Structure formats: C-alpha cells, structure tokens
Amino acid sequence: MGSVDLAPQELRTLVAVAEEGGFSAAAARLGTTQSAVSHAVRGIEGKLGAVLFDRGRHGARPTPAGQRAAAHARRVLRMLDALVADVRGGAAAEPAGPLRIAAFRGAALHLLPSALERLAARHPGIEPTVTVVREIGPGTAGEVADGRADLGIATLGTSAPVPPGLVTGVLLQEPYSLVHPAGHPDPRSLPLVDWTENCSSYTRAWWAAQDWLPPATVRAEDDGAVLSMVGSGLGMAVMPALSLAAPPPTVAVTGLGPGRPTRQVGWVTTPELARTAAVRALIRELRAGQSRVTQSTVSDSRKSE
C-alpha cells in the first residue's frame, strides 16, 4: 500500500470516536452530525484498509487496529500543535502552551511539585497539567505511547518495559527500606503489607532471597494506604524512597543494608516531543531537582539503619 493522506480533521474524528465510544457523542464533541462522523470513519477505514471500530448497540468500540490508529492520531495532532507554537514563536521565543504530564503517585507528590514550581517561575507561558496514573501494566509510559501525555514520570527497568519508539532518561535511583510501626520491638515478625504497584519493581530476586519476608497478607490500594496501615500497627512493609518522603510520626524507617534493592525513576517521551521547548524545559527542571530529591530520600531511607 502506498502513502495514505489523512487530513487533521480526519485524525480528530478518529480520536473523538475512540474516546467518546460512539458516533453520536463524537459528533456532539466535534460540533457536527452523526452521519458526517460515520461517513468520515468509513473514509478513514477505506484509506487505511482496516476496520477501526466495532459497531453495535454499545456504540463504537475501537478494534486493536483502531486503538493503534487513535494513538498515532493523538501524537500527530500534538505535533501539529507543537509545530504551530514553535514556528510562530521562533527559536528565541519563550516556551508556551500546554504540557501534559503523566506521573505515578509518589512522583506526583514528591518529585513534580518543586520542578513545576521552578518551571512556572522560569517559563510562565507553559501550562502544565498532571494526571496521576497507576504504574501497573502500560502505566505512565503507556499514556505517552497512546498520545495522552507529552511526558511521563515512570519506573524504568521493570517487568513492563517502556514501549518501543519512546525515549527515556534516568532521574534518580531510589533505595527500598523497611517500614514498621515506631517503637515496635520486633518489626520483622509482623505481617507484610503491600500494594500492587510495588510488585512491578525489578526487585523480585531480592524479595525471593529474603527468608524473613513472608508473603503479603495485607493488601492496600496505594503506598499512602500502606503507610497508614503500618502506622496503625497492622504490619511492616518494604517501600521505595519516594513513598517515604513524608512518613507519619507513627512509622519508623530502617535501612536494609548495602544489598538493599533499588529502582530507577525517569522520564519518558516521544522522540518528536523531546525536541520541543516545553518538554526540554521540564526535563531540565526535573534534572536540576534530582540530586536534591536523591539526597533527601536516601537520607530518609538510612534512618535507624
């Protein structure tokens, strides 16, 4: 098949149907008619040579080909916006415009705020929005791959690798520590509290070698709930440093020694967006703050070591 010529409005129609789940809702979003949307989708499918949506009483659900097409469409539309901003602004212009960020909870709470504060001071024209995404399955990198985020703060080197075609950079390597109720005489005798995102780290070999660590018997929704449960005396936990940036006073943090597990936290974006002024500016601020975050979190992780 030769080259396919899709107009920006066709890409917007494709994205609208994929996100709204039906032709009527997409038409309302686009300010047009259902028949116009249906006609446009048939034209797009003809050009691409693939069925993009399953039609039925439920509406219109993207097929696997439709999901891939919508992801590409979001990324192309985002680059069109970036093209306009860069050309109108010129090389010496101040970075401006929207900047969509996806981050897991620990990064959103303890890594991003200071970076965004510095970004706002230096580049007030940038308009960041942050979406907190669970680091399970596709996670934050999947948001970037699907065109829903310009940059993701992700855990790198996990059992769920970064999708091909994206670029990454390491921001910090955070150690894990033992977390337990403050003042408990034998914290390793307590039940283990865990949450799903913690298991995505590449520390499985270390966990398997610790005969004092029982299987998790208490499950929590996120790291904040884990800290609350531990502080209430319900168990112990093994947690990464970002989750321990502000532990409650009822919790004690004990280092796990030189063989402790670690995980990498970094940024993820597309090669195209990595060259845009706004994304470059945020990466600079994240890197500027990484040594400060690393020093504070490592210091916290050594408490009671």
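Since we're looking at a predicted model, the values are computed, not measured.

Participant: What is the right way to look at the confidence of the model for the protein in this model?
Facilitator: Residue-level pLDDT values for the protein average 87, and 90% of them are 70 or greater. In this model residues 300-305 is a low-confidence stretch, pLDDT under 50, and it forms 19 contacts with partners more than four residues away in sequence or in other chains.

Participant: What should I look at first to understand the side chain of Ser243 in this one?
Facilitator: When you line up the elements, Ser243 lands in the loop between strand E9 (237-240) and strand E10 (251-255). Assessed through its relative accessible area of 5%, Ser243 is described here as buried. The contacts of Ser243, once residues within four sequence positions are left out, are Trp195, Asp223 and Leu227.

Participant: Explanation requested: the environment of Gly59 in the structure shown.
Facilitator: Tracing the backbone shows Gly59 in strand E2 (residues 59-62). Gly59 sits in the partly exposed class, given a relative accessible area of 23%. Placed 36 residues apart in sequence, Gly59 and Phe23 show a C-alpha to C-alpha distance of 7.2 Å.

Participant: Looking at this model, I keep getting lost on the nonpolar core. Mind explaining?
Facilitator: Within soluble globular proteins, side chains that are nonpolar generally end up buried alongside one another. Counting residues in hydrophobic clusters, the biggest one holds 26 residues, and the most contacted among them are Leu99, Leu151, Ile153, Leu282 and Leu286. Secondary structure elements with two or more residues in this core: strand E3 (97-103), helix H5 (105-110), helix H6 (112-122), strand E5 (151-156), strand E6 (167-181), strand E11 (262-269) and helix H10 (277-301). Per-element accounting of this core gives the leading share, 6 residues, to H10. Those residues in contact with Leu282 that sit more than four places away from it in its chain are Leu99, Ile101, Leu116, Leu119 and Leu151. Grouped together as the second largest cluster of nonpolar side chains are 19 residues, Leu14, Ala26, Leu52 and Ala70 included.

Participant: Looking at this structure, how should I read a nonpolar patch on the surface?
Facilitator: Nonpolar side chains collect at one region of the surface, where Leu83, Val84 and Val87 lie side by side and expose about 270 Å² of accessible area between them. Mapping Val84 onto the fold places it in helix H4 (residues 64-89). Residue Val84 is classed as partly exposed on the basis of its relative accessible area, which comes to 33%.

Participant: Looking at this structure, how should I read the pairing of strand E1 (residues 53-56)?
Facilitator: Successive side chains on a regular strand alternate, one facing one side of the sheet and the next facing the other. One ladder, built from 4 bridges, connects E1 with E2; its direction is antiparallel. Directly across from Gly56, in E2, lies its bridge partner Gly59.

Participant: Any chance you could explain the environment of Leu109 here in plain terms?
Facilitator: Its place among the elements puts Leu109 in helix H5. Given a relative accessible area of 44%, Leu109 falls into the partly exposed group. Each C-alpha atom, one on Leu109 and one on Val132, is 9.5 Å from the other, the two residues being 23 residues apart in sequence.

Participant: In this structure, what is going on with H6? I would like to understand it.
Facilitator: Each turn of an α-helix holds 3.6 residues, which means side chains three or four residues apart point in the same direction. Three or more residues of H6 are buried, namely Leu112, Ala115, Leu116, Arg118 and Leu119. All buried residues of H6 project into a common sector of 160 degrees when viewed along the axis, lining one side. For H6, the exposed residues lying more than 90 degrees away from the buried face are Glu117 and Ala121.

Participant: Even after reading the chapter, I still don't get the packing of aromatic side chains, so can you show me in this structure?
Facilitator: The final tally for this structure, using the stated rule, is 0 aromatic pairs. Between Arg188 and the ring centre of Trp212, over which it is positioned, the NZ or CZ distance is 3.9 Å.

Participant: In this structure, what is going on with helix H3 (residues 34-48)? I would like to understand it.
Facilitator: End to end, H3 covers 21 Å across 15 residues, agreeing with the expected 21 Å (1.5 Å per residue, within 8%). Within H3 the residues assigned to the buried category are Val37, Ser38, Ala40, Val41, Ile44 and Glu45. Projected down its long axis, H3 shows its buried positions confined to an angular sector of 165 degrees, all on one face. Opposite the packed face of H3, turned more than 90 degrees from it, sit the exposed residues Ser35, His39 and Gly46. Residues of H3 that are buried sit in contact with helix H1 (8-20), helix H2 (23-30) and E1. Positive phi appears at Gly49, one or two residues downstream of H3, with a value of about 70 degrees.

Participant: In this structure, what is going on with the side chain of Thr254? I would like to understand it.
Facilitator: Assignment of secondary structure puts Thr254 in strand E10. For Thr254, the side chain forms a polar contact with the side chain of His180, separated by 2.7 Å.

Participant: Sorry if this is basic, but what is going on with the packing of H1 against H3 here?
Facilitator: Each pair of packed helices can be summarised by the angle the axes make with each other and by the distance between the axes. With their axes 10 Å apart at the nearest point, H1 and H3 run at an angle of 110 degrees to one another. Accordingly, the angle class assigned to the pair H1 and H3 is roughly perpendicular. Along its contact with H1, which presents Glu10, Thr13, Leu14 and Val17, the element H3 presents Val37, Ala40, Val41, Ile44 and Lys47. Among the residues making up the contact of H1 with H3, the classes are represented as 6 nonpolar, 1 polar and 2 charged.

Participant: Explanation requested: the pattern of salt bridges in the structure shown.
Facilitator: Side-chain pairing between opposite charges can occur once the charged atoms of the two side chains come close. Under the criterion given, the structure shown has 16 salt bridges. A salt bridge links Lys47 to Glu10; the nearest nitrogen and oxygen atoms lie 3.1 Å apart. With Lys47 in helix H3 and Glu10 in helix H1, this residue pair connects regions lying 37 residues apart in the sequence. Owing to a relative accessible area of 34%, Lys47 belongs among the partly exposed residues under this scheme. Assessed through its relative accessible area of 17%, Glu10 is described here as buried. The partner of Glu19 in a salt bridge is Arg148, and the shortest N-O contact between them spans 3.8 Å. With Glu19 in helix H1 and Arg148 in the loop between helix H7 (139-145) and E5, the pair connects residues that are 129 residues apart, well separated along the chain.

So, how was this worked out
Residues numbered from 1 in each chain as written. Predicted model: local features only at pLDDT ≥ 70, side-chain atom pairs only at ≥ 80, totals over all residues. Heavy atoms only, no water. pLDDT = per-residue confidence, 0-100. Contact = heavy atoms within 4.5 Å. Helix = DSSP H or I, 4+ residues; strand = E, 2+ residues; numbered from the N terminus. Buried < 20%, exposed > 50% of the residue type's maximum accessible area, 1.4 Å probe, protein only. Core = buried A, V, L, I, M, F, W, Y, C linked by side-chain atoms within 4.5 Å. Patch = residues over 30% accessible without salt bridge, like charges linked within 9 Å, V, L, I, M, F, W, Y side chains within 5 Å. Areas by Shrake-Rupley, 256 points an atom, 1.4 Å probe, with all protein chains shown as cover. Salt bridge = Lys/Arg side-chain N within 4 Å of Asp/Glu carboxyl O. Pairing = 2+ DSSP bridges. Arc of directions from axis to C-beta. Phe/Tyr/Trp six-rings, centres within 6.5 Å; stacked < 30°, edge-to-face > 60°. Lys NZ or Arg CZ within 6 Å of the ring centre and 35° of its normal. Expected span 1.5 Å × (residues − 1). Polar contact = N/O pair within 3.5 Å; in protein donor to acceptor, adjacent residues only side chain to side chain. Axes fitted to C-alpha atoms, helices over the stretch in contact; angles between N-to-C directions. Parallel < 35°, antiparallel > 145°, perpendicular 65-115°, else oblique. Nonpolar A, V, L, I, M, F, W, Y, C, P; charged D, E, K, R; others polar.

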